[in-house]
Amino acid sequence: MNLKNIFSKKINSDILSMIDEKVSMFDNKLEKAICIYLLLGKYLTFDYFFFLFSDWRRINRYYDISLDNREIMCYEFSRIYSKLLERYGIDALIVGNSTGHYYVSLTIDGVNYN
């Protein structure tokens, strides 16, 4: 699968529905970003198998993550979080560092949050 196909995939509809339902109560973008982050942290869990065995075949599968298949790594969390932020009109950028860790940098009203 090429990168264009990977990045064009959609987030699981159950996750989208759950997020949409909870985020709709907030008006400002920062509250929405915080709500999304907390909900993802509540419903998704760390993929210990990947961490322990570095099973690289399991990476780039953010589109397979669901409320039933909840194990993720930081890259997948970052991909899902950035796509959700963009869905609500929040500028998001996935940032990687030299240790292989990924996180999301977002900008709201000209203010950057790392």
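All of these numbers come straight from a predicted model, not from anything done at the bench.

Structural notes on the sheet that holds strand E5 (residues 111-113)
Strand pairing in a sheet is mediated by backbone hydrogen bonds. Such pairs are either parallel or antiparallel. Taken in spatial order, the three strands line up as E3-E4-E5 in an open sheet, and their pairing is antiparallel. With one partner strand each, in any of the chains shown, strand E3 (91-96) and E5 form the two edges of the open sheet. Going across the sheet, the axis of each strand differs from the next one's by a mean of 25 degrees, ignoring polarity. Summarising the sheet, E3 and strand E4 (residues 102-108) pair through six bridges and their orientation is antiparallel. By the bridge assignment, Ile94 is partnered in E4 with Val104. Along the sheet, helix H5 (residues 74-87) contacts E3 and E4; its crossing angle with E4, the most-contacted strand, is approximately 20 degrees.

Points about the environment of Met18
Considering the arrangement of structural elements, one finds Met18 in helix H2 (residues 13-23). Judged by its relative accessible area of 10%, Met18 is buried. C-alpha of Met18 to C-alpha of Ile36: the two residues are 18 residues apart in sequence and 9.9 Å apart in space. Leave out the neighbours within four places in its chain, and Met18 touches Leu39, Tyr43 and Leu67.

Quick look at the nonpolar core
Ranked by size, the top nonpolar core spans 26 residues in total, and within it Ile19, Ile36, Leu40, Tyr81 and Leu85 carry the most contacts. Of all the secondary structure elements, the ones that give two or more residues to this core are H2, helix H3 (29-43), H5 and E4.

Brief notes about H2
All of the buried residues in H2 are Ile15, Leu16, Met18, Ile19 and Val23. Angular distribution of buried residues about the axis of H2 spans 165 degrees; they occupy a single face of the element. As for H2, its buried residues are in contact with H3 and H5. Two or three places before Asp14, at the start of H2, stands the capping residue Asn12, its side-chain oxygen 2.8 Å from that residue's backbone nitrogen.

Considering the packing of H3 against H5
Contact pair H3 / H5: the axes reach a minimum separation of 10 Å and the direction vectors enclose 145 degrees. The handedness of the crossing between H3 and H5 is right-handed. For the pair formed by H3 and H5, the contact residues are Ala33, Ile36, Tyr37, Leu40 and Gly41 on the first element and Phe77, Ile80, Tyr81, Leu84 and Leu85 on the second. Partitioned by chemical class, the residues of the contact of H3 with H5 number nine nonpolar, one polar and no charged.

Details of the pattern of salt bridges
Pairing between side chains of opposite charge can happen when their charged atoms approach one another. Under the counting rule described, the total for this entry stands at one salt bridge. Residue Asp20 is joined to Arg87 by a salt bridge in which the shortest nitrogen-to-oxygen separation is 2.6 Å. In this pair, Asp20 sits in helix H2 while Arg87 sits in helix H5, placing the two residues 67 residues apart along the sequence. Using a relative accessible area of 27% as the deciding quantity, one classes Asp20 as partly exposed.

Conventions and cut-offs
- Residues numbered from 1 in each chain as written.
- Predicted model: local features only at pLDDT ≥ 70, side-chain atom pairs only at ≥ 80, totals over all residues.
- Heavy atoms only, no water.
- Pairing = 2+ DSSP bridges.
- Helix = DSSP H or I, 4+ residues; strand = E, 2+ residues; numbered from the N terminus.
- Axes fitted to C-alpha atoms, helices over the stretch in contact; angles between N-to-C directions.
- Contact = heavy atoms within 4.5 Å.
- Buried < 20%, exposed > 50% of the residue type's maximum accessible area, 1.4 Å probe, protein only.
- Core = buried A, V, L, I, M, F, W, Y, C linked by side-chain atoms within 4.5 Å.
- Arc of directions from axis to C-beta.
- Polar contact = N/O pair within 3.5 Å; in protein donor to acceptor, adjacent residues only side chain to side chain.
- Left-handed = near helix turned anticlockwise from the far one by under 90°.
- Nonpolar A, V, L, I, M, F, W, Y, C, P; charged D, E, K, R; others polar.
- Salt bridge = Lys/Arg side-chain N within 4 Å of Asp/Glu carboxyl O.

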